[in-house]
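# Per-entry structural report
Letter by letter, the chains look like this.
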Amino acid sequence: MVAYDKALALLDEVLRTTPQSAATRHKARNVHWDRALTNESMSDWDSAAADWAAAMEFDAGGERTKLRAKRARSLAMAGDHVTAALDAEVVFTAADSSAPAPTVTDKYNAVTAFSLASAVVDVEESLPELERAELREQYAARAVKYLAIMIESGDFDAPENRELLRTDSDLEPLRDRADFDELIDSLVGTVALIAEFRLLTLCGSFDLRLTRTLQSQSNCCCAGFSPTPQAVARKFAIAATN
């Protein structure tokens, strides 16, 4: 950590005389970014969150969403569930119009921040038990809701992304929820139907019966989503060719 401190001290001297130097600010952002990752590796979540915040201040705007998503997770791990949830909401909903749209990774980090926040709020003894329970449900429900949106958008079509849903410890606070189980079951069923679609396509046997089945499966992923059978067929046809 000494090397990071020395580098930031030197950069700070330069910024005193040329505070708007883009090159120097870029370097300062990168040093804070690297130190945040190092702090995370040592489970020093408070320091990591502070470094992510500093990196955001020095960023010219191109990585602000990514940095906010990373800060959200570190804040949740540090126990600051309120700020973590605020950051996660801004990231997932793209509420910061001056920042880039969130990537799949950014959105997933926002989801994990909500999930982790639902766990850490339980240990905040300063809050009444009823308020803790309400916040826990609010955070967890938001995590599941945003996971459903990601699944519907195809963000978990890749096998390695689906594996995260099964193995990522950040999602552990959600695993005893019925709505999370239903979401995973729905995704597993969709994957199986894609395989069936590919097989039927190879055999020249695809028809609207399977399309309607796919439509029914898609409706499980996100309330209110009601595509036509043809639209669902097209979606999975594209997936089958990738």
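Scoring rules and cut-offs
Residues numbered from 1 in each chain as written. Predicted model: local features only at pLDDT ≥ 70, side-chain atom pairs only at ≥ 80, totals over all residues. Heavy atoms only, no water. Patch = residues over 30% accessible without salt bridge, like charges linked within 9 Å, V, L, I, M, F, W, Y side chains within 5 Å. Areas by Shrake-Rupley, 256 points an atom, 1.4 Å probe, with all protein chains shown as cover. Salt bridge = Lys/Arg side-chain N within 4 Å of Asp/Glu carboxyl O. Lys, Arg positive; Asp, Glu negative; His and termini not counted. Charge placed at Lys NZ, Arg CZ, Asp CG, Glu CD. Helix = DSSP H or I, 4+ residues; strand = E, 2+ residues; numbered from the N terminus. Buried < 20%, exposed > 50% of the residue type's maximum accessible area, 1.4 Å probe, protein only. Phe/Tyr/Trp six-rings, centres within 6.5 Å; stacked < 30°, edge-to-face > 60°.

### Here's the deal with a negative patch on the surface
- Where like charges cluster on the molecular surface, the negative patch consists of Asp176, Asp181, Glu182 and Asp185.
- Structurally, the position occupied by aspartate 185 is in helix α9 (residues 178-203).
- Taking relative accessible area as the criterion, aspartate 185 reaches 53% and is therefore assigned exposed.

### Focus on the packing of aromatic side chains
- If you walk through the whole model with that rule in mind, you get four aromatic pairs.
- With a centroid separation of 6.1 Å and an interplanar angle of 75 degrees, the aromatic rings of tryptophan 33 and tryptophan 52 are classed as edge-to-face. One end of the pair, tryptophan 33, is in helix α2 (residues 22-41); the other, tryptophan 52, is in helix α3 (residues 45-58), with 19 residues separating them in the sequence.
- Here the aromatic rings of phenylalanine 114 and tyrosine 146 are separated by 6.0 Å at their centres, their planes lie at 55 degrees, and the arrangement is tilted. Taken together, the residues phenylalanine 114 in helix α6 (residues 104-120) and tyrosine 146 in helix α7 (residues 129-152) connect sequence positions 32 residues apart. In terms of burial, phenylalanine 114 and tyrosine 146 fall into one category: buried.
- One aromatic cluster in this structure is built from Phe92, Phe114 and Tyr146.

### A word on the pattern of salt bridges
- Within the structure shown, the criterion is met by 16 salt bridges.
- Between glutamate 137 and arginine 177 there is a salt bridge whose closest N-O contact spans 2.8 Å. One end of the pair, glutamate 137, is in helix α7; the other, arginine 177, is in the loop between α8 (159-167) and α9, with 40 residues separating them in the sequence.
- Linked through salt bridges whose partners overlap, the residues forming this network are Arg68, Arg71, Asp87 and Asp96.

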